[in-house]
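Fold and contact review
Now for the letters of each chain:
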Amino acid sequence: MKSLCYGGAKPPKAEAGFPVGREEEGTVRVPRRVLLLEDNPMDVALIRRHLGREWPECEVIAGSKEDDFREALAPENADVILADYSVPGFEGLTALSIVVELCPRIPFVFVSGALQEELAVECLKAGATDYVLKDRLVRLTPAIRRALAEAEERGRREKIEKQLRRREEEYRDLLNSVDGIVWEAELFSLRFTFVSQQAERLLGYPVRRWLEEPDSPVTRAWVTAQNELTEQYLSR
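Report follows, based on the coordinates. (Residues numbered from 1 in each chain as written. Predicted model: local features only at pLDDT ≥ 70, side-chain atom pairs only at ≥ 80, totals over all residues. Heavy atoms only, no water.)

**As for the packing of helix α3 (residues 92–102) against helix α4 (residues 117–126)**
Each pair of packed helices can be described by the angle between their axes along with the distance between the axes. For clarity, the threshold we go by: Interaxial angle, 0 to 180 degrees, is taken between N-to-C directions of lines fitted to C-alpha atoms, where a helix line uses only the stretch in contact. Segments assigned H or I by DSSP are reported as helices when at least four residues long, segments assigned E as strands when at least two residues long, and all are numbered from the N terminus. Orientation categories follow fixed angle ranges, with anything under 35 degrees roughly parallel, anything over 145 roughly antiparallel, 65 to 115 roughly perpendicular, and all other angles oblique. Crossing chirality is assigned from the near helix's rotation relative to the far helix, an anticlockwise turn below a right angle marking it left-handed and a clockwise turn marking it right-handed. In this analysis, two residues are considered to be in contact whenever any of their non-hydrogen atoms come within 4.5 Å of each other.
Following both chains from N to C, one finds α3 and α4 inclined at 15 degrees, their axes separated by 10 Å at the closest point. Taken as axis vectors, α3 and α4 run roughly parallel relative to one another. In terms of crossing hand, the pair formed by α3 and α4 is right-handed. Across the interface between the two elements, Leu93, Leu96 and Val100 of α3 pack against Glu122, Cys123 and Ala126 of α4.

Here you go:
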C-alpha cells in the first residue's frame with residue numbers, strides 16, 4: 001500500500017485521470033508488398049504463385065544480392081520479408097540482422113528447403129517471426145497472416161506504452177510544478193517511491209537522498225509527521 005501526500009499551502013488541482021485511448025480492433029492488413037530473398041528462379045515462381053492465389057494484388061520483389069536487398073528495403077514500406085536460409089554470398093541470417101537493425105517492425109519469415117531444429121531455434125532467437133519449409137508451402141500464407149497479426153499487436157502495445165510514458169512524464173511535471181512538496185511512500189515501511197523536486201529547494205535535502213536513504217532520521221521524521229497529520233485529518 002502506498003500513501004500519496006502533499007505538503008504545502010494549496011494542494012494541486014485534481015485531474016480527471018489519464019485514460020489510454022482504446023483502438024478499435026480491425027482485421028489484419030493484406031500484404032501489398034513482399035520482399036523475397038531467393039536465388040532459385042523456380043522457387044521464386046512457386047512462392048509468387050502461392051501468394052498470388054491468396055492475395056492477387058500482392059507484389060513480390062525478389063532478389064539474391066545484398067545490394068538489391070538493401071535497396072528494396074530502404075523505403076521500409078514492405079509488409080513482410082521472406083528469405084531462404086542459404087543464399088550464395090548472402091546468408092539469410094545476415095539479411096535478418098540487417099532487418100532487425102534497420103526496420104525491426106517488419107516481420108521476417110524464413111522459407112527454406114531444409115532447416116534443422118537447432119537452426120530454426122537460432123533463427124527465432126535472432127529475431128525471425130517464423131519459418132516455413134519449401135515442401136510445406138501450404139503453411140506460408142497462414143504464417144504470413146500470423147506474422148502480420150503479431151506485428152500489429154506489437155505496434156499497438158508500443159503505442160500504448162509510449163502514451164503511458166508521456167502521460168506519466170506530464171503527471172510528474174505537474175507535481176514538480178507545485179509550490180510545495182509532493183511525495184509518495186510505502187505506508188508501513190515509510191520508503192519513498194517519489195519526491196517532488198521542490199523538496200530540495202524548501203528543505204535543502206536532495207531528492208536522491210530521500211529515495212536512496214529511507215532510514216535516514218530526516219526522512220523518517222518527515223514521513224512520520226506527515227502520516228500523523230493525515231491520520232488526524234481522517235479522524236475528524
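From this point on, the discussion continues.
**Details of the sheet that holds strand β5 (residues 108–112)**
Where we set the bar: The pairing criterion for strands is at least two bridges between them, as found by DSSP.
Taken together, five strands build an open sheet; the order of strands is β3-β2-β4-β5-β6 and the sheet is parallel. The open sheet has two edge strands with one neighbour each: β3 (59–63) and β6 (130–133). Each strand axis lies, on average, 20 degrees off the axis of its neighbour in the sheet, ignoring direction. Across five bridges, the pairing between strand β2 (residues 33–37) and β3 is parallel. When the bridges of β3 are listed, Leu35 appears paired with Ile61. Packed onto the sheet, helix α1 (residues 41–54) meets β2, β3, β4 (80–83) and β5 and runs at close to 165 degrees relative to β3.

**A few points about the pattern of salt bridges**
Threshold: Basic side-chain nitrogens of Lys or Arg form a salt bridge, by our definition, when they fall within 4 Å of a carboxyl oxygen of Asp or Glu. The cut-offs for exposure are 20% and 50% of the maximum accessible area for each residue type, with area from a 1.4 Å probe on protein chains only; residues under the lower value are buried, those over the upper are exposed, and the others partly exposed.
For the coordinates displayed, the defined rule picks out eleven salt bridges. Where Glu57 meets Arg32, a salt bridge forms, and the shortest distance between an N and an O atom there is 2.8 Å. Highlighted residues: Glu57 in the loop between α1 and β3 and Arg32 in the loop between β1 (2–7) and β2, separated in sequence by 25 residues. Two residues, Arg139 and Asp130, come together in a salt bridge whose shortest N-O distance is 3.7 Å. For Arg139, a relative accessible area of 34% gives the class partly exposed. Overall, the relative accessible area of 11% leaves Asp130 in the buried class. Overlapping salt bridges bring together Glu38, Asp43, Asp84 and Lys134 as one network.

**A word on α3**
Note the cut-off: Working definition: the arc comes from the directions between the helix axis and the C-beta atoms, pointing outward to the latter.
Of all the residues in α3, the buried ones are Gly92, Ala95, Leu96, Ile98 and Val99. Considered in projection along α3, the buried side chains sweep an arc of 160 degrees and stay on one side of the axis. At its buried positions, α3 is contacted by β2, α2 (66–73), β4, β5 and α4.

**Brief notes about helix α5 (residues 140–176)**
Threshold: Any helix carries an expected span of 1.5 Å times its number of residues minus one.
Under the 1.5 Å per step criterion, the end-to-end length of α5 is 53 Å for 37 residues, consistent within 8% with the ideal 54 Å. Here α5 has its buried residues at Leu140, Thr141, Ala143, Ile144, Ala147, Leu148, Ala151, Glu152, Gln163, Arg167, Leu175 and Asn176.

**Brief notes about the packing of aromatic side chains**
Threshold: Stacked, tilted and edge-to-face are the three classes assigned to paired rings of Phe, Tyr and Trp, where Trp is represented by its six-membered ring and a pair needs centres within 6.5 Å; plane angles under 30 degrees give stacked, over 60 edge-to-face, the rest tilted.
One pass over the full model with this rule turns up three aromatic pairs. Site record: aromatic cluster; members linked through ring pairs are Tyr85, Phe108 and Phe110.

**Examining the side chain of Asp43**
The topology assignment puts Asp43 in helix α1. For Asp43, a relative accessible area of 17% corresponds to the buried category. Setting aside chain neighbours within four positions, we find Asp43 in contact with Glu38 and Lys134.

Function-wise, these values are silent; they only describe arrangement.
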